Amino acid sequence: MRTVSTRLFSSRLAAAALGAALGASASGAATAEILRKGAWPDVEPKVSVEVSSEPRNEALKRVAQAAGWSLVLNVPPGNVVDLHVQDQPADRVLELLLADGSYVATRDGDLIAIAPAPAAPAPEEPAAGSPPAPAAAASPDDAEDEDAEGARPSSRGRDRFVTGGSLRIEKGEVVNDVSVIGGSLDVWGTVTGDIDVMGGSTHIHDGARVRGDVSTVGGPLTVADGATIDGDVDVVGGPLRRGERARIRGDVNNDANPLGDGSSAKGASTLARKAGNAVTRTAFLFAFGAVMLALWPRRMEALKVEIAARPMRSFALGAVGVLGAVAVAAALCVTLIGIPFAVIGLLLAVVAVVAGGCAVLETAGAGLFGHRTRNPYAHLAIGCLGLLIASGIPYVGGALCAAVTLIGAGALVATRLAGLLRPRPRGEGTAGPYRTAP
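Described below are features of the structure shown in this document. (Residues numbered from 1 in each chain as written. Predicted model: local features only at pLDDT ≥ 70, side-chain atom pairs only at ≥ 80, totals over all residues. Heavy atoms only, no water.)

### A look at the sheet that holds strand S14 (residues 202–204)
Spelled out, the test is: Pairing between strands is defined by DSSP: at least two bridges between the two strands are required. The helix and strand labels rest on DSSP assignments: H or I over at least four residues marks a helix, E over at least two residues marks a strand, and numbering proceeds from the N terminus. Only the stretch in contact is used when a helix axis is fitted, and all axes are lines through C-alpha atoms; the angle between N-to-C directions ranges over 0 to 180 degrees.
With parallel pairing, the 5 strands of this open sheet are ordered in space as S9-S11-S14-S17-S20. Where the open sheet ends on each side, the last strands, each with one partner, are strand S9 (167–169) and strand S20 (240–242). The sheet shows a mean angle of 5° between the axes of neighbouring strands, direction not considered. Two elements, strand S11 (residues 185–187) and S14, share 3 bridges in a ladder whose sense is parallel. Within S14, the position partnered with Asp-186 by the bridge is His-203.

### Observations concerning unusual backbone geometry
Counted only if it meets this: Only protein chains enter the area calculation, which uses a 1.4 Å probe; residues under 20% of their type maximum are buried, those over 50% are exposed, and those in between are partly exposed.
A positive phi is found at Ser-53, a non-glycine position, where the angle reads about 55°. Structurally, Ser-53 is set in strand S3 (residues 46–55). What makes Ser-53 exposed here is its relative accessible area of 53%. Residue Asp-87 is not a glycine yet carries a positive backbone phi of 50°. With respect to the helices and strands, Asp-87 occurs in strand S5 (residues 80–89).

### Observations regarding a nonpolar patch on the surface
The cut-off we apply is this: Each patch is assembled from residues with relative accessible area greater than 30% and no salt bridge, linking like charges that lie within 9 Å and nonpolar side chains (Val, Leu, Ile, Met, Phe, Trp, Tyr) that lie within 5 Å. Values of accessible area rely on a 1.4 Å probe in the Shrake-Rupley scheme; residue burial ignores everything except the protein chains shown. A pairing counts as a salt bridge when a side-chain nitrogen of Lys or Arg comes within 4 Å of a carboxyl oxygen of Asp or Glu.
Residues Phe-161, Ile-181, Met-198, Val-217 and Val-236 make up a contiguous nonpolar surface patch of about 450 Å² in total accessible area. Residue position: Phe-161 is located in strand S8 (residues 158–163). For Phe-161, a relative accessible area of 59% translates into the label exposed.

### Here's the deal with the side chain of Thr-222
Going by this rule: Two residues form a contact once any of their heavy atoms are found within 4.5 Å.
By the secondary structure assignment, Thr-222 is in strand S17 (residues 221–223). For Thr-222, the contacting residues outside a window of four places in its chain are Thr-202, His-203, Ile-204 and Arg-241.

### Details of the environment of Thr-222
Residue classification places Thr-222 among the buried positions, given a relative accessible area of 19%. For the pair formed by Thr-222 and Thr-202, sequence separation is 20 residues and the distance between their alpha carbons is 6.2 Å.

### So, the side chain of Thr-415
Along the chain, the position of Thr-415 falls in the segment after helix H11 (396–414). The exposure class assigned to Thr-415 is buried, which follows from its relative accessible area of 17%. Residues within four places of Thr-415 in sequence aside, it is in contact with Ala-302, Leu-303 and Glu-306.

Functional significance is not addressed by these values, which are geometric in nature.
Below, the structure is given as structure tokens:
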């Protein structure tokens, strides 16, 4: 849904579409103006209407009935018209029927009220002998609001949508919303709406003007010197190249370069928030590991020995264990009775895996600085600090965190949850008279 600005329709076009009957009424006005107010959909239903020798208002009622509208008319009955329409947008037929003057069409859902547009007040005549009023000086903001040719475009232009190809907006061309998927976009003219580009490069050239927002995904955005963007800029998965004299009046958000070429405060706050979250997670991990070392030092030592002796075996067991845990949880969730057990088991598994990860970090810290100190808390702190630094590296950080998680989970499987599950004694469970007497 959107609010549509004023549209101008010539009387000659209306006469050609509706016939000679409308031509007589339209010839009295050089142009007709239909101002839409309220929320109008982008696409109206298509109607087929047959009207023969009936007043214009009756034709309007027939169009409204075919489109499913409720119509309130406060306009002259109009001349007698003949209307033969097959599968045409209802709003377009409505506009052509009202081509004899200026009207306001106000919409609220399916209710449309049409009334004549108020007449513009005539300019006051200066008194005889008085000097003409001086022209108001243009403010800098007004000058900036002019387009590259020195005046605002008189219309919004039409939407442009391109898939699997490139699009070029020529100098002097005016378009509304622009969407390009799988291709590049070059803008030399004026875009009165928004720009959305996915999977291609976007170049806003010198003298081009974008009055809305610019959003790109998976491609670079270049804003040349002399180009102007009135709205916000969002660039995901690509760099932002901005000229020194390029003007971007909204916020700039670029994941590849959060600070942007203009040192955007929004990008800086995003970077600071991510860094703060990483430090908080690392501090929580160290605190949890310190608690585990204080309460269960022998069990943490058992995990550490298993990790140091067979790290690859622990990694493989961790991958198998995670898959098995997911399968068991899915099986429990099939029934309502099993859902609480699945939730409780998931929470316990998360706690156990975090403990295993802390054992991995302590083992890594001991391997790096075990020759300087034997304090397990210092080893854990060193391991957490290394994980914090490495997690900031793209791709490498994510892979390292996944490896720590799987190795910790595998160590838990190999040591039967660090000795919490004791192995069954050999010979237990044999049945019948063949069991050996003690």
